[in-house]
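The lines below spell out each chain.
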Amino acid sequence: PPDANCLLSVMHHSFKTIHKVNVVVAGKHPAPQWLTIDEARSHCAAGLGIWEWASNDRGHEPDFVMACAGDVPTLEALAATSILRKKLPNLKIRFVNIVNLMKLCGQSKHPHGL
């Protein structure tokens, strides 16, 4: 998960499941908090999402999609997005964060797939 609130949401979901294997990879070092608990619940329920506050495509087709999963990759991707926006202010960037990696599969491969 990208932050502690998402980790809380993921663990809450994981502890309620039965007959499933849930793999949660989480860091142990202090890290930024990106989402409120309500935003984290919605984001984790969806499995992935566009972070509008980190994007600048504003409803247009993006020139570039920055996607990441995990706490450190999210931090690095946000830093890269910030640099790109400063160096190339006209570049339309869509920032996507992924919590459930199974969302990247097709539904024929996994029930959580898109």
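In the block above lies the structure referred to throughout.
Residues numbered from 1 in each chain as written. Predicted model: local features only at pLDDT ≥ 70, side-chain atom pairs only at ≥ 80, totals over all residues. Heavy atoms only, no water.

1. A few points about the environment of L114
Considering the arrangement of structural elements, one finds L114 in the segment after β3 (93-98). For L114, a relative accessible area of 67% gives the class exposed. For the pair formed by L114 and G47, sequence separation is 67 residues and the distance between their alpha carbons is 10.0 Å. Filtering out sequence-adjacent residues up to four positions away, L114 remains in contact with L48, K103, C105, G106 and Q107. (Helix = DSSP H or I, 4+ residues; strand = E, 2+ residues; numbered from the N terminus. Buried < 20%, exposed > 50% of the residue type's maximum accessible area, 1.4 Å probe, protein only. Contact = heavy atoms within 4.5 Å.)

2. A short note on the packing of aromatic side chains
Taken as a whole and judged by the stated rule, the model has three aromatic pairs. Summarising the aromatic geometry, the rings of W34 and W53 are spaced 6.0 Å apart at their centres and angled 20° between planes, so their arrangement reads as stacked. Residue W34 is located in the loop between α1 (4-16) and α2 (37-46), and its partner W53 is located in the loop between β1 (48-50) and β2 (64-69); the two are separated by 19 residues in the primary sequence. Here W34 falls in the partly exposed class, since its relative accessible area comes to 23%. Measuring from ring centre to ring centre gives 5.2 Å for W51 and W53, while their planes differ by 25°; the resulting arrangement is stacked. Among the residues examined, W51 registers a relative accessible area of 4% and is labelled buried. With a relative accessible area of 46%, W53 lands in the partly exposed category. Members of the aromatic cluster, joined through ring pairs, are W34, W51, W53 and F95. (Phe/Tyr/Trp six-rings, centres within 6.5 Å; stacked < 30°, edge-to-face > 60°.)

3. Considerations on the pattern of salt bridges
Any two side chains of opposite charge can pair, given that their charged atoms come close. Under the counting rule described, the total for this entry stands at two salt bridges. Two residues, R41 and D38, come together in a salt bridge whose shortest N-O distance is 3.0 Å. Taken together, the positions of R41 and D38, both in helix α2 and three residues apart, correspond to about one turn of that helix. Between R94 and D57 there is a salt bridge; the shortest N-O distance is 2.6 Å. Taken as a pair, R94 in strand β3 and D57 in the loop between β1 and β2 lie far apart in primary sequence, 37 residues in all. Among the residues examined, R94 registers a relative accessible area of 22% and is labelled partly exposed. (Salt bridge = Lys/Arg side-chain N within 4 Å of Asp/Glu carboxyl O.)

4. Side note on helix α3 (residues 71-87)
Here α3 contains 17 residues, and its C-alpha end-to-end distance of 25 Å stays within 8% of the 24 Å for a straight helix at 1.5 Å per residue. By the burial criterion, the buried members of α3 are T74, A77, L78 and T81. Viewed along the axis of α3, the buried residues span an arc of 100°, placing them on a single side of the element. What points out from α3, more than 90 degrees from its buried face, is the exposed set E76, I83, K86 and K87. Where the residues of α3 are buried, they touch β2 and β3. (Expected span 1.5 Å × (residues − 1). Arc of directions from axis to C-beta.)

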